[in-house]
Amino acid sequence: MELLIGREQQGNQLMVVVDGKPYRIDVNNSVPDSVSRFNPSNGAAHCRIIISTNGIRLENLNEMNSTYVNGESVESCRISPTSVVELGKDQYRVNLSKILKLIGYQPSYSIKHLRRVWDRYDKALLRLQLEDKKKQNQQKLQGILSQVSMLCVIIPSVMPNIPIPAWLRAVLVTGALGMGIYFYIKGNKEDDSFIVKKRELDEQFKEDYICPNPKCKKFLGFTPYDTIKTRKKCGMCNCNFQN
Ligand SMILES: [Zn+2]
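Predicted, not measured: the structure shown is a model, and the values here were computed from it.

Peer 1: Tell me about the coordination of the zinc ion, and name the residues and values.
Peer 2: Each protein donor to the zinc ion is listed here as Cys211 (SG), Cys216 (SG), Cys234 (SG) and Cys237 (SG); together their distances run 2.2 to 2.3 Å. In this structure, the zinc ion is coordinated by four donor atoms arranged in tetrahedral fashion, with angles at the metal of 104 to 116 degrees. Of note, the zinc ion draws all its donor residues from one chain, in the sequence arrangement C-x4-C-x17-C-x2-C. With a gap of 23 residues between them, Cys211 in the loop between α3 (166–208) and α4 (225–231) and Cys234 in the loop between α4 and β12 (240–241) connect regions that are remote in the sequence. The residues Cys211 and Cys234 share a single accessibility class, namely buried.

Peer 1: Explain the side chain of Ser36 to me, and be specific about the residues and the numbers.
Peer 2: In this structure, Ser36 sits in the loop between β3 (21–25) and β4 (47–52). Relative accessible area serves as the criterion here: at 18%, Ser36 is assigned to the buried category. One polar contact links Ser36 to Asn65, side chain to side chain, over a distance of 2.4 Å. When sequence neighbours within four positions are dropped, the list of residues in contact with Ser36 reads Gly6, Arg7, Ala45, His46 and Asn65.

Peer 1: How would you explain the nonpolar core if you had to name every residue and give the values?
Peer 2: One finds Leu14, Ile49 and Ile79 to be the most contacted residues of the largest nonpolar core, which totals 26 residues. Among the secondary structure elements, those contributing two or more residues to this core are β1 (2–7), β2 (14–18), β4, β5 (55–60), β8 (76–79), β9 (85–87) and α1 (96–102). In this structure Leu14 touches Ile5, Gly6, Tyr23, Arg24, Ile25, Val31, Leu87, Tyr92, Val94 and Ile99, once residues within four positions along its chain are discounted. Of all hydrophobic cores here, the second largest spans 20 residues; its members include Leu114, Val117, Trp118 and Tyr225.

Peer 1: How would you explain the sheet that holds β9 if you had to name every residue and give the values?
Peer 2: The four strands are arranged β7-β6-β9-β10 in an open sheet whose pairing can be described as antiparallel. Strands with a single pairing partner mark the edges of an open sheet, and in this sheet they are β7 (72–73) and β10 (92–93). Pairing between strand β6 (residues 67–69) and β7: two bridges, direction antiparallel. If you follow Val69 over to β7, its bridge partner there is Glu72.

Thresholds applied
- Residues numbered from 1 in each chain as written.
- Predicted model: local features only at pLDDT ≥ 70, side-chain atom pairs only at ≥ 80, totals over all residues.
- Heavy atoms only, no water.
- Donors = N, O, S within 2.8 Å, 3.2 Å for Na, K, Ca; no water.
- Tetrahedral: all angles 85-135°; square planar, octahedral: opposite > 155°, others 65-115°.
- Helix = DSSP H or I, 4+ residues; strand = E, 2+ residues; numbered from the N terminus.
- Buried < 20%, exposed > 50% of the residue type's maximum accessible area, 1.4 Å probe, protein only.
- Polar contact = N/O pair within 3.5 Å; in protein donor to acceptor, adjacent residues only side chain to side chain.
- Contact = heavy atoms within 4.5 Å.
- Core = buried A, V, L, I, M, F, W, Y, C linked by side-chain atoms within 4.5 Å.
- Pairing = 2+ DSSP bridges.

Structure below.
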């Protein structure tokens, strides 16, 4: 969207032409002569504002003009809805928020920082899952060991010709039982730690992976960064995301 901004010839009002449609801003004779006229015949104006998904850009259209953004003289620069835009040597202040409201401007927000947030979460989750898998395998191995020791206890009663002293049997039974209890408790603890760690990770992620619109700030869900980037919109407040 392109907005041409200049002084209206007769009434000295500020004129904003949006895609060929004129809007008059401010009362009559409010704009000083140092602001260039808008000429409908050739489209000449003082400056123009270009609004795209990358944000808002202001361009001075004639090097004889002065255009100021936040007090600095500029030829072309990026601006925000809160920038102070002044035209001409008299530094006539443009009511930017009024103009943006008039054209139904919806601000767009950068989400570049969210790539790092997503990548960090994704990696941490994978690490947690791998750790958990490793623990599960360890538990399986421990289960087998426990069964083997039980077998050592059972063998002498099935095959009495293998002499195993009573005291050794007692040691093996106690050992197998102890091992069983130990692995059972340990396994339970480890299950908990995975759930707790995953919950902590998710909670932190929910705090960080949020819509950059200060009026929204809602969690964007467990949706990969690339999907959100392609969607270009917040699913909660419907605001636009920059490319
Ligand atoms: Zn939002």
